[in-house]
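Spelled out, the chains give:
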Amino acid sequence: MNSLIEDINKLKEEKNAIILAHNYQPKEVQNIADFLGDSLELCIKASEIEDKDLVIFCGVDFMAETAFILNPDKKIIIPDIEADCQMANMLHEEELLKAKEEHPDASVVLYVNSIAEAKQHADTLCTSANAVKVVNSLDSDKVIFGPDSNLGQHVAKRTDKEIITVPADGHCYVHNKFTKEDVIAKKAEYPNAEVICHPECVDEVQEACDKILSTGGMLTYISQSDKEEFIIGTEIDMITRLNEEIPNKKLYPLREDAICETMKFHTLEKIKEALEKEEPQIKLDNSVAEKSLKAVKHMLNASK
Ligand code: 13P
Ligand code: SF4
């Protein structure tokens, strides 16, 4: 293991590479990353890497694609090209175009968890950290929002605008595992703990929790809180990150089986090989990348 880490660090230096990783990466990948974050933080970081030649992106494909959209001249490498997001694949370009035709007066806000072919038709993007702010920053009273219907509902409760979700039932299979009963049972087990969940959870879970935050928001909130105990309603490796950064808190998973399988496809062996071969590269059609850049930039500006 140690020599593998040494090899990765050496290759990183030689190739002037940076390793970006999402908070759901397994511990060994979190430990080797140069930058760890939620989707928005990763997007911001990807917009600030002019000095690097190579990016190793340890996350799911839509995240690496967004890094490519921001840096079309750089090599964006994803250690396992099969690491995709089931939710992003739930909204197809055709369905979005149909919704736009049906609601010509609506703005289109896509969750960053979407495929690039859909992103190119969006006015702006959002993440779980800035969705309400981005939607409220728009002039139109009507918003087509996709693909996460739970995040869409979360936003709808916090804006005066009409939210039309496409598809109607887009969701994350990991966050959909959490139930209201899980919250009740964990609260009974740890009565002093505050319960925090992700806005990808279903509405009744969100309603039962004390706080609803993005993964980056969870880190900031818990590190600044006087409370000692928290129940965490998101992917299991978020707790790995939280334990590393704030070891003095007691953290309990809302469910042990909240695992995003594709996030775990990246391994140290694959990272080393990716650095050596500079493959597999994220590639997007030039026109798709160019058209999507407008929406990515709009989101980055709106979240300042
Ligand atoms: P965050 O932006 O909160 O990290 O969420 C990304 C994600 O895919 C959640 O499932
Ligand atoms: Fe996609 Fe869900 Fe995995 Fe997040 S946790 S990357 S939304 S499948």
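In what follows, the accompanying structure is described.

How each quantity is defined
- Residues numbered from 1 in each chain as written.
- Chains lettered and ligands numbered in written order.
- Predicted model: local features only at pLDDT ≥ 70, side-chain atom pairs only at ≥ 80, totals over all residues.
- Heavy atoms only, no water.
- Near = heavy atom within 4 Å.
- Polar contact = N/O pair within 3.5 Å; in protein donor to acceptor, adjacent residues only side chain to side chain.
- Areas by Shrake-Rupley, 256 points an atom, 1.4 Å probe, with all protein chains shown as cover.
- 1 Å grid on protein atoms, 1.4 Å probe; cavity = no way out; pocket = protein on both sides within 12 Å on 5 of 7 lines; lining within 4 Å.
- Sits in = over half its atoms within 2 Å of the grid points.
- Nonpolar A, V, L, I, M, F, W, Y, C, P; charged D, E, K, R; others polar.
- Domains from an automatic or database assignment.
- Core = buried A, V, L, I, M, F, W, Y, C linked by side-chain atoms within 4.5 Å.
- Buried < 20%, exposed > 50% of the residue type's maximum accessible area, 1.4 Å probe, protein only.
- Points joined across faces, edges and corners; volume = space filled by probe spheres on them.
- Helix = DSSP H or I, 4+ residues; strand = E, 2+ residues; numbered from the N terminus.
- Patch = residues over 30% accessible without salt bridge, like charges linked within 9 Å, V, L, I, M, F, W, Y side chains within 5 Å.
- Salt bridge = Lys/Arg side-chain N within 4 Å of Asp/Glu carboxyl O.
- Lys, Arg positive; Asp, Glu negative; His and termini not counted.
- Charge placed at Lys NZ, Arg CZ, Asp CG, Glu CD.

**Considering the site of ligand 1**
- As a structural note, the neighbourhood of ligand 1 is formed by H22, Y24, D38, S39, N113, S128, H175, H198, E200, S214 and T215.
- In the model, an oxygen atom of ligand 1 is placed 2.8 Å from a nitrogen or oxygen of the H198 side chain.
- Separating an oxygen atom of ligand 1 from a side-chain N or O atom of E200 is a distance of 2.8 Å.
- For ligand 1, the accessible surface in isolation is 300 Å², of which the surrounding protein chains cover 96%.
- The pocket occupied by ligand 1, as judged from atoms lying within 2 Å of grid points, is the largest pocket.
- Class assignment for the residues of the shell around ligand 1 results in 1 nonpolar, 8 polar and 2 charged.
- Of the residues that make up the shell around ligand 1, three or more belong to each of domain 1 (2-85 + 263-283) and domain 3 (175-259).

**A look at the nonpolar core**
- Among the nonpolar cores identified, the biggest contains 88 residues, and F57 and F145 are the most heavily contacted of them.
- Of all hydrophobic cores here, the second largest spans 18 residues; its members include I8, I19, A33 and I77.

**Some details on the site of ligand 2**
- Taken together, the neighbourhood of ligand 2 is formed by Y24, V60, C85, M87, N113, C172, Y173, V174, E200, C260 and M263.
- A majority-of-atoms criterion places ligand 2 in the largest pocket.

**Examining empty space enclosed by the protein**
- Evaluated as defined, the whole model comprises 1 cavity of 30 Å³ or more.
- Reported here for the largest cavity is a volume of approximately 70 Å³.
- Every residue along the wall of the largest cavity is listed here: S39, L42, C43, A46, F57, F62, M63, T66, A67 and V112.
- Within the residue set of the lining of the largest cavity, elements represented by two or more residues are α3 (39-46) and α4 (61-70).
- Class assignment for the residues of the lining of the largest cavity results in 8 nonpolar, 2 polar and no charged.

**What to know about a negative patch on the surface**
- On the surface, a cluster of negative charge is contributed by E48, E50, D51 and D53.
- The topology assignment puts D53 in the loop between α3 and β3 (54-58).

**Digging into unusual backbone geometry**
- Here the amide bond leading from G146 into P147 is cis, since omega sits at -5°, within 30 degrees of zero.
- Within the element layout of this structure, P147 appears in the loop between β7 (142-146) and α8 (149-156).
- Positive phi, normally seen in glycine, also occurs at E278, with a value near 55°.

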